[in-house]
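Chain residues, written in single-letter form:
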Amino acid sequence: MALTLSHRCQHIAPSMTLSIDARAKEMRAAGFDVVGFGAGEPDFNTPQHICDAAKEALDRGMTRYTPSSGTVELRRAICDKLWRDNGLSYSLDEVIVSSGAKHSLFNVFQAILDPGDEVIIPTPCWVSYPEMVRMAGGVPVFVRGHEKNSFVPQGEDILRAVSIRTKAIVITSPSNPCGGVWTSDDLQVVADLAVDRGLYVVSDEIYEKLLYDGLWHVSVAQLGEQIKQQTFVINGVSKCYAMTGWRIGYTAGPRDVIRAMGNFQSQAASNANSMAQHAAAVALNSDQTCVREMVAEFQQRRDLIVQRINEVEGISCAMPHGAFYVMLNIKKLIGRLHHGQHITGSMEFASMLLKDKQVAVVPGVAFEAEGYCRLSYATSREQINKGLDRIAAFVSEIE
Ligand code: PMP
Ligand code: GLU
C-alpha cells in the first residue's frame, strides 16, 4: 500500500483567516510593526470573574473527564440562557457542548450529511463552512448576497438553489465576514422553505451579542415549534466573552441528532476542557455588564473604521450592524497598478498591502467574495487609525 494521504485530506484547504493571523504574528515577532485586521478575535482579556472561575475549578479538582456531551452544570446554564435570551425551551438532552463552535458545526455536518447531500451556504460566508461540508462528503451550494442588501441573500435566490439533494441551509446572523443581520422577515423565508421541503437549518449565532444601533437578535428557531425541531442553534463563548482560546461551543437541536452527535463526539474527542466548561457556565450565569461594555467599544470602533474607509477615494464599505467585521470594497482597484505591480484580485491586494505597508487583511476570495477584503475591527482605535492611514497611503499610490 502506498504511503499517501487520504483523498479527503489531500483536498482540504487550510483556514485562511487563521493562516493570515499566524503570518501577521510571525512578522510581528520578527520585529515588523504590523497592524492586524486579520483575525476575528476580540482583543480584550477574558473578564476577571470568568478567569477566577477557572482557577476555582482547578482548586476544586475539576480536572477529570466530564460526560462527553458536557457537564450538567454547563448544559443547564446553556438551557437557561436559551430560555432567558431567546425564549427557546430545550432540555438537557437537546444540548451538546463541544470544543468551540467550530467543533459544534463540524459535528452537526458529520451527523446529518451523506455523500452528495447539498448544503445551501449564503455568501460571502465564513471560511470553514464549505470545507466542513466537504469533509462530511457534502456539496456546498452557494447563494450570493449583495452589498446593497447588507449581503443577506434574497429569498427567491435561496429557493432557486434548492434541489432534491438539499439537506440543510446555513444562516449566520450577525454574519462573518459582512456584519449583516437578518431581519425576522429574512428568517421567515428560510423557515417556511425549510418546513415546506423538510430541510435542516444550521443557525450559527456565535455573534448574537455583538449587535449595534439598538438591534436585537432573533433566532430562526424562535419562529415556530416545527422550525425549532429542524434547526441547530450553534453558539459559544468565544466572541461575546473574549474566550477564543478556551474552546467552548454548543449546539441545541433535535434530540435524536444531538444524541448521534454525542455518540460521534464520544468516539472522536470526548468532552471539551473541564475547567473551561465550569468557567463558561459562570460566564453565562453571571452579570452581563462585561458584554455590554465590550459591545459599546466595538460600536465606536465600527463607526470609526467605516468613516475612515469611506473617506478614502477608491475604496468603500457598507455599514455593518453586527459582529466585528467590515467588507472593504476594492472593485475599483482591481486591474490597476501599484508600483508597477498588477492588482489582479483580493489575494494580490492583501499580500501587497501586507508586504508594502504591514497591514493584514483577509482577501475576499477566502469568503467566496472576490472584489472585497475583510477587516476585523476587534482591535484598538489607535490601531484602526494607524491601519487606515497606511491603507490610504497604499491606495493613493495606485495608478
Ligand atoms: N462561526 C463563525 C461565523 C465564526 O466566525 C467563528 C469564529 N472562529 C466560529 C463559528 C467558531 O468559533 P469558536 O470555535 O471559537 O467557538
Ligand atoms: N472566526 C474567526 C475569523 O473568521 C477566527 C478564525 C477562524 O476560526 O477561522 O477570523
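See the structure shown above.
Residues numbered from 1 in each chain as written. Chains lettered and ligands numbered in written order. Predicted model: local features only at pLDDT ≥ 70, side-chain atom pairs only at ≥ 80, totals over all residues. Heavy atoms only, no water.

Trainee: Please explain the sheet that holds strand S14 (residues 372-376) as it appears in this structure.
Mentor: Backbone-to-backbone hydrogen bonds join strands into a sheet, with any given pair of strands oriented parallel or antiparallel. One open sheet holds the 3 strands; their spatial order is S9-S14-S13, and the pairing between them is antiparallel. Two strands in the sheet have a free side with no partner beyond their single neighbour: strand S9 (325-329) and strand S13 (362-363). Bridging between S13 and S14 involves 2 bridges; their strand directions are antiparallel. If you follow Val362 over to S14, its bridge partner there is Arg374. Where helix H12 (residues 289-310) meets the sheet, it contacts S9 and S14, and its direction lies at approximately 5° from that of S9. (Pairing = 2+ DSSP bridges. Helix = DSSP H or I, 4+ residues; strand = E, 2+ residues; numbered from the N terminus. Contact = heavy atoms within 4.5 Å. Axes fitted to C-alpha atoms, helices over the stretch in contact; angles between N-to-C directions.)

Trainee: Can you walk me through the layout of surface pockets in this structure?
Mentor: Rolled over the atoms, a probe sized like a water molecule indicates the empty space that remains. The calculated volume of the largest pocket comes to roughly 450 Å³. If you trace the largest pocket, you find 25 residues lining it, with Leu18, Gly40, Lys102, Trp126 and Lys239 closest to the centre. Of the residues forming the lining of the largest pocket, the biggest block, 4 residues, is contributed by helix H2 (residues 16-29). Volume-wise, the second largest pocket comes out at about 350 Å³. Forming the boundary of the second largest pocket are 18 residues, of which Ala13, Ser15, Val127, Ser128 and Glu131 lie nearest the centre. Breaking the lining of the second largest pocket down by element, the ones donating at least two residues are helix H5 (101-112) and helix H6 (128-135). Take the lining of the second largest pocket: its biggest share by element is 6 residues, from H6. Classifying every residue of the lining of the second largest pocket by side-chain character gives 11 nonpolar, 3 polar and 4 charged. (1 Å grid on protein atoms, 1.4 Å probe; cavity = no way out; pocket = protein on both sides within 12 Å on 5 of 7 lines; lining within 4 Å. Points joined across faces, edges and corners; volume = space filled by probe spheres on them. Nonpolar A, V, L, I, M, F, W, Y, C, P; charged D, E, K, R; others polar.)

Trainee: Please explain the site of ligand 1 as it appears in this structure.
Mentor: Close to ligand 1 lie 14 residues; Ala101, Asn176, Asp204, Tyr207 and Ser238 are nearest. One nitrogen or oxygen atom from the side chain of Arg247 is found 2.8 Å from an oxygen atom belonging to ligand 1. Taken by itself ligand 1 offers 390 Å² of open surface, and the protein chains cover 92% of this. Structurally, ligand 1 is housed in the largest pocket. In terms of residue count, the dominant contributor to the shell around ligand 1 is H5 (3 residues). Per-class residue counts for the shell around ligand 1 are 6 nonpolar, 4 polar and 4 charged. (Near = heavy atom within 4 Å. Polar contact = N/O pair within 3.5 Å; in protein donor to acceptor, adjacent residues only side chain to side chain. Areas by Shrake-Rupley, 256 points an atom, 1.4 Å probe, with all protein chains shown as cover. Sits in = over half its atoms within 2 Å of the grid points.)

Trainee: I keep staring at the site of ligand 2 and nothing clicks. Help me out?
Mentor: Taken together, 13 residues are adjacent to ligand 2, and Thr17, Gly40, Lys102, Asn176 and Arg374 come closest. At a separation of 2.6 Å, an oxygen atom of ligand 2 approaches a polar side-chain atom of Thr17. Here a nitrogen atom of ligand 2 sits 3.3 Å away from a polar atom, N or O, in the side chain of Lys239. When atoms are counted within 2 Å of each cavity's grid points, the one that captures over half of ligand 2 is the largest pocket. Its residues assigned to classes, the shell around ligand 2 comprises 6 nonpolar, 4 polar and 3 charged.

Trainee: Please explain the pattern of salt bridges as it appears in this structure.
Mentor: Any two side chains of opposite charge can pair, given that their charged atoms come close. Going through the model one piece at a time under the given rule, you end up with 27 salt bridges. The residue Asp85 makes a salt bridge to Lys81 at a minimum N-O spacing of 3.6 Å. Remark: Lys81 and Asp85 occur in helix H4 (residues 72-86); sequence separation between them is 4 residues, near one turn of the helix. Linking Asp117 and Lys167 is a salt bridge whose minimum nitrogen-to-oxygen distance equals 3.9 Å. Separated by 50 residues along the polypeptide, Asp117 in the loop between H5 and strand S3 (118-123) and Lys167 in strand S5 (residues 166-172) bring together distant segments of the chain. Overall, Asp117 belongs to the buried group, its relative accessible area being 9%. (Salt bridge = Lys/Arg side-chain N within 4 Å of Asp/Glu carboxyl O. Buried < 20%, exposed > 50% of the residue type's maximum accessible area, 1.4 Å probe, protein only.)

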